[in-house]
Amino acid sequence: MIVMFTARRLKPGAWEQFRRAWDPGEEMPPGFQHAYHARNIRDEDEVISFGLFDMTVDDYRRWREEADAEENQRVDAISIFVQNEYVSGVYEVADTIEP
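Residues numbered from 1 in each chain as written. Predicted model: local features only at pLDDT ≥ 70, side-chain atom pairs only at ≥ 80, totals over all residues. Heavy atoms only, no water.

A. Structural detail: the packing of aromatic side chains. Taken as a whole, this structure holds four aromatic pairs when the rule is applied. Note on tryptophan 15 and phenylalanine 18: the rings are 5.9 Å apart at their centroids and 40° apart in plane angle, and the pair reads as tilted. Here the residue tryptophan 15 and the residue phenylalanine 18 both occupy positions in helix H1 (residues 15-22), the gap between them amounting to three residues, near one helical turn. A relative accessible area of 0% places phenylalanine 18 in the buried class. Of note, arginine 74 hangs over the ring of tryptophan 22, and the distance from its end group to the ring centre comes to 5.3 Å. (Phe/Tyr/Trp six-rings, centres within 6.5 Å; stacked < 30°, edge-to-face > 60°. Helix = DSSP H or I, 4+ residues; strand = E, 2+ residues; numbered from the N terminus. Buried < 20%, exposed > 50% of the residue type's maximum accessible area, 1.4 Å probe, protein only. Lys NZ or Arg CZ within 6 Å of the ring centre and 35° of its normal.)

B. Representation of the pattern of salt bridges. Applying the stated criterion to the full structure yields six salt bridges. As a salt-bridge pair, aspartate 59 and arginine 62 come within 2.5 Å of each other at their nearest N and O atoms. With aspartate 59 and arginine 62 both in helix H2 (residues 57-79) and three residues apart, the pair spans about one turn of that helix. According to the relative accessible area criterion, aspartate 59 is partly exposed, its value standing at 28%. Connected through shared salt-bridge partners, Arg9, Asp43 and Glu46 make up one network. (Salt bridge = Lys/Arg side-chain N within 4 Å of Asp/Glu carboxyl O.)

C. Highlighting a negative patch on the surface. Taken together, the side chains of Asp23, Glu26, Glu27 and Glu70 define an acidic patch exposed on the protein surface. Inspection of the secondary structure puts glutamate 27 in the loop between H1 and strand E2 (32-39). (Patch = residues over 30% accessible without salt bridge, like charges linked within 9 Å, V, L, I, M, F, W, Y side chains within 5 Å. Areas by Shrake-Rupley, 256 points an atom, 1.4 Å probe, with all protein chains shown as cover. Lys, Arg positive; Asp, Glu negative; His and termini not counted. Charge placed at Lys NZ, Arg CZ, Asp CG, Glu CD.)

D. Structural detail: the nonpolar core. By size, the foremost hydrophobic cluster in this structure holds eight residues: Leu10, Trp15, Phe18, Ala21, Trp22, Val47, Ile78 and Val82. No other element matches the four residues that H1 contributes to this core. Every residue in contact with valine 47, bar those within four places of it in the chain, is listed here: Thr6, Ala7, Arg8, Leu10, Trp15, Phe18, His37, Ala38 and Arg39. Ranked by size, the runner-up nonpolar core spans seven residues in total, among them Met4, Met55, Tyr60 and Trp63. (Core = buried A, V, L, I, M, F, W, Y, C linked by side-chain atoms within 4.5 Å. Contact = heavy atoms within 4.5 Å.)

E. Spatial organisation of the pairing of E2. Where E2 and strand E3 (residues 46-53) come together, seven bridges link them in antiparallel fashion. By the bridge assignment, phenylalanine 32 is partnered in E3 with phenylalanine 53. What sits between E2 and E3 in their antiparallel hairpin is a turn of six residues. (Pairing = 2+ DSSP bridges.)

Remember that the coordinates give geometry; whether it matters functionally is a separate question.
Pasting the structure below:
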């Protein structure tokens, strides 16, 4: 399982534009399960976004090679609405805790 995660501060009032720019439409990466955006309850311009993907690290690298140009364009479109990006990365799930 792969998690793509970003914590960022949006430019003031840019939530709706950010959300539209973030949406990949029909072109979800392989293994896509869910994506979440969470806004800080004290500061709605602080947003964490993460997606869960049923894929291996090798699957991710293959997809990224194939979709690099399109994904870079999407990230550039998102960046217009971002003031600061604190953390961003692709992570492999190392442990799962369930109820």
